[in-house]
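The residues making up each chain are set out below.
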Amino acid sequence: MSWGIELWDQYDNLAIHTNKGIEFLDKYANFIRDRLAIETEYAAKLRRLVKNYQPKKKEEEDNEFTSWQAFRKVLNEISDLAGQREVVAESLQLQIIQGISLLSKTLREERKKCLSNGTILHQNLTTQLAALERAKRNYEKAYRDSEKAVENYKKADMDLNLSRAEVERYKNIMTAKIQQSDDAKNEYANQLQKSNNLQQQHYHELLPEVFNRLQELDEKRTRGIREFIISAADVESSVAPIIARCLEGMVKAGESINEKEDSYKVIERYQSGFTPPGDIPFEDLSKMDTLDTSQESHYNHVQSSHLTVKGTISANKIKKRVGIFNIFGSNKNSLTADGQKEDFSDLPPNQRRKKLQAKIAELQQKIQQETAARDGLMKMKVVYEANSSLGNPMTVEGQLNESEHKLEKLKMDLKKYQGYLEKANQIPIANNSPQANRTHSMNNGHRSSRHSNGSTEDNNFDGDFHPDDAGSLSRSDSEDNVAQIQNGHNNNNNGSSASPESGLGTSHTSLPGSGHGSTHENAIGEDAYYETEMEPLQPLGTCRALYPFEATSEGSIPMNEGEELQVIEIDQGDGWTRVRRINNTNGWDEGFVPTSYIECTLYA
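Residues numbered from 1 in each chain as written. Predicted model: local features only at pLDDT ≥ 70, side-chain atom pairs only at ≥ 80, totals over all residues. Heavy atoms only, no water.

A. View of the sheet that holds strand S2 (residues 564-569). Read from one edge of the open sheet, 5 strands run S4-S3-S2-S1-S5, paired in antiparallel fashion. In this open sheet, the two strands that pair with only one neighbour each are strand S4 (588-594) and strand S5 (598-602). Adjacent strand axes in the sheet meet at a mean angle of 35 degrees, parallel and antiparallel pairs treated alike. Pairing geometry for strand S3 (residues 576-582) and S4, over 7 bridges, is antiparallel. Counted as the bridge partner of Arg581 is Asp589 from S4. (Pairing = 2+ DSSP bridges. Helix = DSSP H or I, 4+ residues; strand = E, 2+ residues; numbered from the N terminus. Axes fitted to C-alpha atoms, helices over the stretch in contact; angles between N-to-C directions.)

B. How the structure looks around the packing of aromatic side chains. In the structure shown here, the tally under the stated rule is 9 aromatic pairs. Between Tyr139 and Tyr188 the ring centres are 5.7 Å apart and the planes differ by 0 degrees, which places this aromatic pair in the stacked class. Here Tyr188 lies in helix H4 (residues 164-255) and Tyr139 lies in helix H3 (residues 66-158), a separation of 49 residues in the sequence. Both residues of the pair, Tyr139 and Tyr188, belong to the buried class. (Phe/Tyr/Trp six-rings, centres within 6.5 Å; stacked < 30°, edge-to-face > 60°. Buried < 20%, exposed > 50% of the residue type's maximum accessible area, 1.4 Å probe, protein only.)

C. Region of interest: the pattern of salt bridges. Scanning all chains against the criterion turns up 27 salt bridges. Two residues, Glu151 and Lys155, come together in a salt bridge whose shortest N-O distance is 3.8 Å. Placement of both Glu151 and Lys155 in helix H3 is noted, with a separation of 4 residues, approximately one turn of the helix. Judged by relative accessible area, which is 52%, Lys155 ranks as exposed. Each of Arg35, Glu39, Arg85 and Glu236 takes part in salt bridges that share partners, so that together they form one network. (Salt bridge = Lys/Arg side-chain N within 4 Å of Asp/Glu carboxyl O.)

D. Here's a closer look at H3. Over its 93 residues, H3 runs 134 Å from end to end, which matches the ideal 138 Å to within 8%, given 1.5 Å per residue. In the structure, H3 departs most strongly from a straight axis at Gln93, where the bend amounts to approximately 30 degrees. (Expected span 1.5 Å × (residues − 1). Bend = angle between axes of the 7 residues up to and from the residue.)

E. Focus on the environment of Arg33. Residue position: Arg33 is located in helix H2 (residues 11-52). With relative accessibility at 36%, the residue Arg33 sits in the partly exposed group. The contacts of Arg33, once residues within four sequence positions are left out, are Ile97 and Ser101. (Contact = heavy atoms within 4.5 Å.)

F. Seen up close, the pairing of S2. Summarising the sheet, strand S1 (residues 541-545) and S2 pair through 4 bridges and their orientation is antiparallel. Residue pairing in the sheet places Arg544 in a bridge with Glu564 of S2. Counting the residues that bridge the hairpin from S2 to S3 gives 6 residues, and of these Gly573 lies at a positive phi of roughly 100 degrees.

G. Focus on the confidence of the model for the protein chain. Averaged over the protein chain, the pLDDT score is 75; the fraction of residues at 70 or greater is 72%. In this model residues 297-333 is a low-confidence stretch, pLDDT under 50, and it forms 95 contacts with partners more than four residues away in sequence or in other chains. Here residues 429-533 is modelled with pLDDT under 50, and outside its nearest four sequence neighbours on either side it reaches 222 contacts, counting other chains as well. (pLDDT = per-residue confidence, 0-100.)

This is the structure we're talking about:
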């Protein structure tokens, strides 16, 4: 079927049809653009959804549960789904939108050219038909004039009254008109032949060629739409296997949830290690001398129960006032970032051991990393010393000193936490239980209390349970550090430390009485901060400033080279020593100075 044959007289309709076809192609392109926008928006919203539901840092400890792990896997699969939707949008843009734009532009240009050729053909045919019409009118006029001239000549020839000259004139006119009629006839016949030839060529050759070209363009457009629709489906089907795998991953993530394993992990996380309380003895109220004992036992029962709750559930909520500057704190009562004590003595035994083991593993990893960094700096220094053109070995000296200082501090922390763990492993669980203490105290008929110096009445409480004793190990470590200073083993005594204030944010000190109190004060753990009366600390020795120091941080004081100061608290392993300077204004100035900047002489 050919448009040139079947639709030879439908030029205008074909022009309208082809224009509508190209407009439909553009409409399909707009449809793809809108779908592309939806895919892009959908992918962006999926990614935003995944981001909003990513576990927070404070929830990282819950990742050990299979349900949380499965949810994380689901979030990852959703993120992959978002990526596939982005692939679909990108493919639609590159393969469909650009292809349609190019095809539409090509079709419009070729259609315009075809319609221009068809217009020229119509104009030529119209011009030829107009010439034929003029030739026909001329021939008709000439023919009528010739007939009239013949008739006039016949009348004149039959009229006897006319002279011979008049008759001859009519004859000449008749001859001229007949000649004109013949010429007009020949011209008409010639134009008719041209018109017929042109019309035949126009409707059988020229115009059908234009129409066939328009037909090809329209078929090309239709074929293009078919290919674009199939390509769009192929784009979707190409990501279908990946989407199916994402869905399979979600199914596997759901199947990986093990309720028994999660229950066991809950036991592992919250198991205190305490033994259940024993039977409460019968109290015979008929004996008057046991009445007070009963009241004391009841009171101890309430207090011990409160202690158990605080010690197993709400230990993380206990707040202590740390130091006087909020940047220094004693090792005895220093808190970690999550509000727990440094030795985790506020946790139940099982949880304390787990925390200490994790902390030791973390410190061992840091020591390995710092050791590797130090070895690298030492190798670099050796290379620089062998070939000075590569670099100055003195530039590495400061970094080596700082690395040695960090490594020494990490080793001291590791030793400290290993001591904590060793003490925690030596604590009998049953004796350490507040419930066991409660029962034991009730059996003895009176309650026991812990004094601020760490002693207990009647030995009803094991001293290792209380966090106040955590400072004993830290104090011994600090004394070892001071002994190193006295023996001249201070690694940073040359003053070449990278920063004399390094460790300022993690240095520790304590006020008199901070971390000490009765059992109920420490165990109940009121959320409000408590205040202690400031009392001057007794000097532990004297020190001399080896280098001048300018205080640039809160809690530190300046000193001049050679100045004599009193030592009121020795270095706790953080590189800072608390000193006192006597003045005439308010009695004394207290603050912290770098241990590497002073030479200490402690009292015997």
